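# Working through the structure, step by step
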Amino acid sequence: MKQKILLLFTVFSLIACKREQKISSSDWTNISNRTQYKEQDGNLELKSGNFSYNFKKNQTPFKKIILINASMAGYISELGAEDLIIGVSSPEYIYSEKIQNLVKEGKIQNVGSEQKYDVEKIISMKPDAVFTNYIASFDNAYQLLKNNGIQVVFLDEYMEQQPLQKTAYIKVFGEFFGKEKEAEAKYLEVEKNYNELKQLALKAKERPVVLANEMYGDVWYLPGGNTSVAHYIADANAHYIMKDNREEKAMTMSFEEVYAKAGGVQYWVNAGSHTSKKEMLGMNPFYGKLDVFNKGKIYTIAGKEKMKANDFFESGVVRADLILKDYIKIFHPELLPDYQLTYMKELQ
């Protein structure tokens, strides 16, 4: 699954315990081409991929929710809404200390894994909603939940390739939890930070050449030129070796194909969660043939990792500004002399 390879500041309102008064609008708010929502006369409409929802005003805000995908925990934490969670799947993949403590206290139940969750247990817990990415192979389980009166909300934030569009899903969660103002404030904060950092990166005198991701077996999953990784690298004012490609998904390549493109590469980013170059080389001796392995700098996404949990896949889905800041620090350290990396870690 996505997360399994898969914040700092929460905005609190003085009336956080009460539902914010919503502003009715007949206009749709666009998160992306994939997701839109509209609030009118207390009713909330949501379009998410191929699914449409119409929540009456007595159905929201939700008070009890279950998360099937750990990456969604980042949005909940940013809104300070952890106490609304009554169940999660695969809690070992959740980084949030507060959520982990609630799991230990028994206030949040383990409802299985992303491969097989406990449908009967979920039904017995009677949540207001279950949040999950849509996976076609689980259609029977989804239907069983719906047949028992459980609202299943599909959100596919992981498919968004523009960094700030991933962040914008916090607005959807704000609508569901009666925290619209907090969600909008957080989004605007991240957006402002991101755009200022993007402008800062333009002051760099050089644009280094960058390689990304790594091999799994005999295949190198190289991010396409229209993926979030490629956008981050471009916004950090660096030259990604696949920048002219227009794919929104990873390209499958052999080592030889990547090697042919990797001449002049100075930085290798998103190189898994390895602990050292020696360990990395032990897993794949071919890496030693790359100039960047021997002469350049390599960075993993293990900067905030605990056991199986990696905050890059959790708070990172919201904090696009901090991810961009990491990339700028890597490519142009002179622009951020006092900043310490958040999600990234240099491999020695």
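What you see is a predicted model; the values in this text were computed from it and never measured.

## Structural notes on the overall build of the protein
On a plain count of helices and strands, the protein comes out with 11 helices and 19 strands. In terms of overall size, the protein behaves like a compact globule, its C-alpha atoms giving a radius of gyration of 21 Å where 348 residues would be expected to give roughly 20 Å. Each principal axis of the C-alpha distribution contributes one length, and for the protein these read about 60 × 40 × 35 Å. With the model as given, the accessible surface of the protein reaches about 16,400 Å², and the carbon-plus-sulfur share is 50%. Taken together, the 45 basic and 45 acidic charged side chains of the protein have centroids lying 1 Å from each other.

## Some remarks on the pairing of strand 8 (residues 129–132)
Across the two faces of strand 8 the burial is the same, with A129 and F131 and V130 and T132 all buried. Across three bridges, strand 8 lies against strand 9 (residues 152–154) in parallel orientation. By the bridge assignment for strand 9, V130 is matched with V152. Between strand 8 and its parallel partner strand 9, the chain crosses via helix 4 (residues 139–147), and the hand of that crossover is right-handed.

## Looking at the packing of aromatic side chains
In total, this model carries 29 aromatic pairs according to the counting rule given. With centroids separated by 5.3 Å and ring planes inclined at 90°, the aromatic side chains of F55 and F176 adopt a geometry described as edge-to-face. Placement of F55 in strand 4 (residues 51–55) and of F176 in helix 5 (residues 163–177) is noted, with a sequence separation of 121 residues between them. For the pair F55 and F176, a shared accessibility class is recorded, and that class is buried. With 5.2 Å between their ring centres and 85° between their planes, Y134 and F154 make a pair best called edge-to-face. Of the two residues, Y134 sits in the loop between strand 8 and helix 4 while F154 sits in strand 9, which places them 20 residues apart along the sequence. Relative accessible area serves as the criterion here: at 26%, Y134 is assigned to the partly exposed category. Taken together, the ring pairs connect Y53, F55, F62, Y75, F131, F173, F176 and F177 into an aromatic cluster. Directly above the ring of W28 sits K47, whose terminal nitrogen or CZ lies 4.3 Å from the centroid. For K306, the ring lying beneath its charged end belongs to Y95, and the centroid distance is 4.4 Å.

## A look at the sheet that holds strand 16 (residues 297–300)
Read from one edge of the open sheet, five strands run 13-10-15-16-19, paired in mixed fashion. The open sheet has two edge strands with one neighbour each: strand 13 (239–240) and strand 19 (345–346). Sheet topology places strand 15 (residues 267–269) next to strand 16; two bridges connect them, and they run parallel. Paired with W268 across the two strands is I298, which belongs to strand 16.

## Section: the side chain of Q36
Tracing the backbone through its elements, the reader meets Q36 in strand 2 (residues 35–40). A polar atom in the side chain of Q36 sits 2.8 Å from the backbone oxygen of S32. In this structure Q36 touches W28, T29, N30, I31, E45, L46 and K47, once residues within four positions along its chain are discounted.

## Some thoughts on the packing of helix 7 (residues 228–235) against helix 11 (residues 320–331)
In helix packing, the relevant descriptors are the interaxial angle and the interaxial distance, both defined with respect to the helix axes. Contact pair helix 7 / helix 11: the axes reach a minimum separation of 9 Å and the direction vectors enclose 55°. By the angle between their directions, the pair helix 7 and helix 11 is classed as oblique. In terms of crossing hand, the pair formed by helix 7 and helix 11 is right-handed. Judged by residue contacts, Y232, I233 and D235 of helix 7 engage A320, I323, L324, Y327 and F331 from helix 11.

## Thoughts on the environment of K107
Looking at the secondary structure, you find K107 in the loop between helix 2 (97–104) and strand 7 (109–110). The exposure class of K107 is exposed, given its relative accessible area of 55%. For K107 and N148, which are 41 residues apart along the polypeptide, the C-alpha to C-alpha distance reads 23 Å. If sequence neighbours within four positions are ignored, K107 has contacts with I85, I86 and L102.

## Things to note about the pattern of salt bridges
Counting across every chain of the model gives 14 salt bridges. When the shortest N-O distance is used, the salt bridge between K186 and E78 registers 3.4 Å. With K186 in helix 6 (residues 180–201) and E78 in helix 1 (residues 73–78), this residue pair connects regions lying 108 residues apart in the sequence. Exposure class is identical for K186 and E78. Each is buried. A salt bridge links D235 to K198; the shortest N-O distance between them is 3.5 Å. Here K198 lies in helix 6 and D235 lies in helix 7, a separation of 37 residues in the sequence. Relative accessible area serves as the criterion here: at 33%, K198 is assigned to the partly exposed category.

## A word on the packing of helix 6 against helix 11
In contact at an axis separation of 8 Å, helix 6 and helix 11 are set at 20° when each is read in the N-to-C sense. With respect to helix 11, the element helix 6 is oriented roughly parallel. The two elements helix 6 and helix 11 meet at a crossing, and its hand is left-handed. Here V190, N193, Y194, L197, K198 and A201 of helix 6 come into contact with helix 11, specifically with A320, D321, L324, K325 and I328. Residues that form the contact of helix 6 with helix 11 fall into these classes: seven nonpolar, one polar and three charged.

The rules behind each value
Residues numbered from 1 in each chain as written. Predicted model: local features only at pLDDT ≥ 70, side-chain atom pairs only at ≥ 80, totals over all residues. Heavy atoms only, no water. Helix = DSSP H or I, 4+ residues; strand = E, 2+ residues; numbered from the N terminus. Rg over C-alpha atoms; globule rule 2.2 N^0.38 Å. Areas by Shrake-Rupley, 256 points an atom, 1.4 Å probe, with all protein chains shown as cover. Lys, Arg positive; Asp, Glu negative; His and termini not counted. Charge placed at Lys NZ, Arg CZ, Asp CG, Glu CD. Buried < 20%, exposed > 50% of the residue type's maximum accessible area, 1.4 Å probe, protein only. Pairing = 2+ DSSP bridges. Right-handed = clockwise from strand over helix to strand, strands pointing away. Phe/Tyr/Trp six-rings, centres within 6.5 Å; stacked < 30°, edge-to-face > 60°. Lys NZ or Arg CZ within 6 Å of the ring centre and 35° of its normal. Polar contact = N/O pair within 3.5 Å; in protein donor to acceptor, adjacent residues only side chain to side chain. Contact = heavy atoms within 4.5 Å. Axes fitted to C-alpha atoms, helices over the stretch in contact; angles between N-to-C directions. Parallel < 35°, antiparallel > 145°, perpendicular 65-115°, else oblique. Left-handed = near helix turned anticlockwise from the far one by under 90°. Salt bridge = Lys/Arg side-chain N within 4 Å of Asp/Glu carboxyl O. Nonpolar A, V, L, I, M, F, W, Y, C, P; charged D, E, K, R; others polar.

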